[in-house]
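Close look at the chain arrangement
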Amino acid sequence: MRSLRIEVPMLPPFSVSPNARVSWTAEWQGKKTYGAAVFYCAIDARNRSDDFTPYEVARIDIELIFPMERTRDADNAVASLKSGLDGIVRAGIIKGDDHKHLHWGHVNITVDRERAPMTVITLTEEAKG
């Protein structure tokens with residue numbers, strides 16, 4: 001079973017959180033910045049893998065690495081990842097981010113001052129159907 005690990009050296013910006021009360025320009029800029037970061041990291045991971053072909057169906061596992069402990073809502077974290085998922089699709093890693101092509105695995109929130117801030121996205125190929 002093939003898998004691809006994408007390490008993004010940032011977390012989704014607060015401006016893309018569903019709880020953020022920011023101007024549309026701040027939200028747009030946050031989505032643009034995070035989506036581009038994931039896109040380029042996905043391209044890098046794809047280019048480093050041997051003989052890569054896009055996943056038809058994949059499971060996605062996410063690890064969000066924060067520098068300090070505090071209560072965080074995993075549902076809001078997932079919603080904040082939308083522009084990043086779009087970046088993965090644009091990079092040609094998966095065919096789409098709809099329910100036919102992408103299945104959600106685990107969303108882990110980790111505290112690690114050494115690696116933070118970071119988003120680790122792991123895609124694992126799944127059988128069709």
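Please refer to the structure placed before this passage.
Bear in mind that the values here come from a model prediction, so they are computed numbers and not experimental data.

Reading the values: the criteria
- Residues numbered from 1 in each chain as written.
- Predicted model: local features only at pLDDT ≥ 70, side-chain atom pairs only at ≥ 80, totals over all residues.
- Heavy atoms only, no water.
- Core = buried A, V, L, I, M, F, W, Y, C linked by side-chain atoms within 4.5 Å.
- Buried < 20%, exposed > 50% of the residue type's maximum accessible area, 1.4 Å probe, protein only.
- Helix = DSSP H or I, 4+ residues; strand = E, 2+ residues; numbered from the N terminus.
- Contact = heavy atoms within 4.5 Å.
- Expected span 1.5 Å × (residues − 1).
- 1 Å grid on protein atoms, 1.4 Å probe; cavity = no way out; pocket = protein on both sides within 12 Å on 5 of 7 lines; lining within 4 Å.
- Points joined across faces, edges and corners; volume = space filled by probe spheres on them.
- Nonpolar A, V, L, I, M, F, W, Y, C, P; charged D, E, K, R; others polar.
- Phe/Tyr/Trp six-rings, centres within 6.5 Å; stacked < 30°, edge-to-face > 60°.
- Pairing = 2+ DSSP bridges.
- Axes fitted to C-alpha atoms, helices over the stretch in contact; angles between N-to-C directions.

Focus: the nonpolar core
Formed by 29 residues in total, the largest nonpolar core has its most connected members in I6, I88, I93, I121 and L123. Counting only elements with at least two residues in this core, the list comes to strand 1 (3–8), helix 1 (24–48), strand 2 (58–66), helix 3 (82–90) and strand 4 (118–125). Of the residues forming this core, the biggest block, 8 residues, is contributed by helix 1. The contact partners of I93, leaving out residues within four places of it in the chain, are L4, A42, R46, F52, P54, Y55, I88 and L123.

Considering helix 1
With 25 residues, helix 1 should reach 36 Å at 1.5 Å per residue; the first-to-last C-alpha distance of 36 Å fits that figure. Taken residue by residue, helix 1 has G30, Y34, G35, A37, V38, F39, C41, A42, I43 and A45 as its buried positions. Of the surrounding elements, those touching the buried residues of helix 1 are strand 1, helix 2 (74–80), helix 3 and strand 4.

Quick look at the layout of surface pockets
Of the voids in this model, the largest pocket is the one considered here, and its volume is about 450 Å³. Contributing to the lining of the largest pocket are 18 residues, with F14, S17, F66, R70 and R72 lying nearest its centre. Listed by contribution, the elements that provide at least two residues to the lining of the largest pocket are strand 2 and helix 2. Class assignment of the residues belonging to the lining of the largest pocket gives a composition of 10 nonpolar, 5 polar and 3 charged.

Quick notes on the packing of aromatic side chains
In this description, an aromatic ring pair is defined by two values, namely the gap between the centres and the angle between the planes. The tally for this structure, following the rule as stated, stands at 2 aromatic pairs. Ring geometry for F39 and Y40: centres 5.0 Å apart, planes at 75°, overall edge-to-face. Looking at Y40, the relative accessible area reads 57%, which means it is exposed. On the basis of an interplanar angle of 70° and a centroid distance of 5.7 Å, the ring pair of F52 and Y55 is categorised as edge-to-face. Under the relative-accessibility criterion, F52 is labelled buried at 19%. On the accessibility criterion, Y55 (1% relative accessible area) is buried.

Digging into the sheet that holds strand 4
With mixed pairing, the 4 strands of this open sheet are ordered in space as 1-4-2-3. Whereas interior strands pair on both sides, the edge strands pair on one side only; in this sheet they are strand 1 and strand 3 (102–111). Strand-to-strand twist across the sheet, computed as the mean angle between neighbouring axes with direction ignored, equals 15°. Direction of pairing for strand 2 relative to strand 3: parallel, over a ladder of 8 bridges. The residue of strand 3 that forms the bridge with R59 is H103.

So, the pairing of strand 1
Of the two faces of strand 1, only the one carrying L4, I6 and V8 is buried; S3, R5 and E7 on the other face are not. Pairing geometry for strand 1 and strand 4, over 6 bridges, is antiparallel. Counterpart to R5 in the pairing with strand 4 is T122.

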